Each structure stands twice: as structure tokens, then as C-alpha cells.
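Structural overview for review
Residues per chain, in single letters:
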Amino acid sequence: VTYKTDKNSEKEIVNDTNSNNLKVENKTCYLEWIVRVVDPKTKRHLSSNSTTVDWYDAARRLANLHGTGQAGMAYPEITRPEARKTFISVNNSPLFIVMSWKYDKDAPAYQVEVSKKPDMSNLVYEKRVDRKRAVINQKFKPGIYFMRVRAIAEDVTQESWSEVEVFRVINRKAR
């Protein structure tokens, strides 16, 4: 197994074939691995490398197919949650997610949406806030989610949507 904890570094693991548990230090929220069969004595490669698909990159590609953030237009830039963020729910408990964004102009209100679909057609959360921050406190089923925000101007016109940011939810059972 060869793994990366960021796009530039690479570390190789020589692991006991009987072990099913592999612990990897990862503080970057990025993890990619490649697996191949190697002769334990000669270290000769007996298979080609496996391929991996990064969940975050795949989800962002899907979201970008639906065209958010219009070229030449000012739109908010989501700064939190951070890219590649994974939230862990214990026993399907509600999550506490703080969403914030940068926006060059001041707006009297912002509209926040969270969806299970990259085209934002299946909303699971929608809120209007008057600051550049939204606090989301609710239950989410495990999976990939898409979020976006837009400003609402004083004349009640709606500005362009931000680019869609992606996060995922994993459920763990308490021991």
C-alpha cells in the first residue's frame, strides 16, 4: 500500500498481510491510496496499481456540471466548512455545522441551501440569515452533501449563487 496524506507527499506502508486494521496519521483531510500485490520476499510487483476516485473531487466535478457561480458576477465564497470536510455523527445524532463565507459587498440577507444532489434539486436544509454565517444544527443521513449561498440585495433581487462546496457525513455507533 502506498498512500498520500496530501497531494505532494507519498509514503509506503509495508504491512502484515494478516492485519485488517491500518492506522494512518492524517491531519489534512486528504487521503489517497494505491494497492498492489507484492511478493513478500523479493518485493517484486505481482500486479498493477489499483485506481482510486477521490470522493471530494468527484462530487465537486458533479456540482460544477450544474454551473454555479456565474463568470464575471460577484458571488459569495464559502470559507467554512473547509474543503474535504467530513462530519461524524454518533448514533445518528444531530450535527452542529458552522457555515461562513466571504462576500465583497454587504447584503441585508443571505440564502443558504444544502442538498443531497449536485443540481440542488433535493434540499435538506434551507435558511435565510442576516450575517455571513449560518449555524446548522440538524440530523443528516450518511452520504455526500452539497451546499451553496447567495446574497439577497436590498431591492429583494437575488445575486449569483456561490460555487457549491461539498461535505460528507459518516455515522458511527457509540461503543
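Here's a quick rundown of the structure.

Cut-offs applied
- Along each chain, residue indices are assigned from 1 in the same order as the chain's sequence is written.
- Confidence filtering applies because this is a predicted model: local features only for residues at pLDDT of at least 70, side-chain atom pairs given and counted only at 80 or more, and all residues used for totals across whole chains, interfaces and linings.
- Side-chain descriptors were evaluated using all non-hydrogen atoms of the structure, hydrogens and water having been removed beforehand.
- What counts as a helix is a DSSP run of H or I of at least four residues, what counts as a strand is a run of E of at least two, and both are numbered from the N terminus.
- Residue burial is assigned from relative accessible area. The probe radius is 1.4 Å, only protein chains are included, and a residue is buried under 20% of its type maximum, exposed over 50%, and partly exposed in between.
- The contact definition used throughout considers only heavy atoms, calling two residues in contact when any of these lie within 4.5 Å.
- Throughout, the Shrake-Rupley method with a 1.4 Å probe supplies accessible areas, and for residues the shown protein chains are the sole cover considered.
- By this definition, two strands are paired if DSSP reports at least two bridges between them.
- Simply put, an axis is a line fit to the C-alpha atoms, just over the touching stretch for a helix, and the angle between two N-to-C directions goes from 0 to 180 degrees.
- Every case where a carboxyl oxygen of Asp or Glu lies within 4 Å of a side-chain nitrogen of Lys or Arg is listed as a salt bridge.

Moving on: the overall build of the protein chain. What the protein chain contains, in helices and strands, is one helix and eleven strands. For the protein chain, the sequential pattern of α-helices and β-strands runs β-β-β-α-β-β-β-β-β-β-β-β. Counting over 175 residues, the protein chain shows a buried share of 33%. For the protein chain, contacts bridging at least 24 residues in sequence account for 60% of all contacts bridging at least 6. Roughly 11,600 Å² of accessible area belongs to the protein chain as shown, and the carbon and sulfur atoms make up 47% of that amount.

The next subject is the sheet that holds strand β10 (residues 143-152). Strand order in this open sheet of five strands is β5-β11-β10-β7-β8, and the pairing throughout is mixed. Edge positions in the sheet fall to β5 (85-90) and β8 (123-129), since each has one partner strand and no second. Strand-to-strand, the axes of this sheet are offset by a mean angle of 25°, without reference to chain direction. Judged from the six bridges that link them, strand β7 (residues 109-115) and β8 form a sheet pairing that is antiparallel. Directly across from Ser115, in β8, lies its bridge partner Leu123.

With that out of the way, let us pick up the sheet that holds strand β6 (residues 95-102). Read from one edge of the open sheet, three strands run β4-β6-β9, paired in antiparallel fashion. Strands with a single pairing partner mark the edges of an open sheet, and in this sheet they are β4 (77-80) and β9 (133-138). Pairs of neighbouring strands in the sheet enclose a mean axial angle of 30°, with direction left out of account.

The next thing to look at is the pattern of salt bridges. Pairing between side chains of opposite charge can happen when the charged atoms of each approach one another. In the structure shown here, the tally under the stated rule is three salt bridges. The shortest N-O distance in the salt bridge between Glu77 and Lys102 comes to 3.9 Å. With a gap of 25 residues between them, Glu77 in strand β4 and Lys102 in strand β6 connect regions that are remote in the sequence. For Lys102, a relative accessible area of 48% corresponds to the partly exposed category. For Asp106, the salt bridge goes to Lys132, with nearest N and O atoms at 3.9 Å. Placement of the pair is Asp106 in the loop between β6 and β7 and Lys132 in the loop between β8 and β9, with a sequence separation of 26 residues. With a relative accessible area of 28%, Lys132 lands in the partly exposed category.

Let us look at unusual backbone geometry. Between Arg80 and the following residue, Pro81, the backbone shows a cis peptide bond with an omega angle of 5°. By secondary structure assignment, the location of Pro81 is in the loop between β4 and β5. Backbone geometry places Asn91, a non-glycine residue, at a positive phi of 55°. Of the residues examined, Asn91 reaches a relative accessible area of 46% and is grouped as partly exposed.

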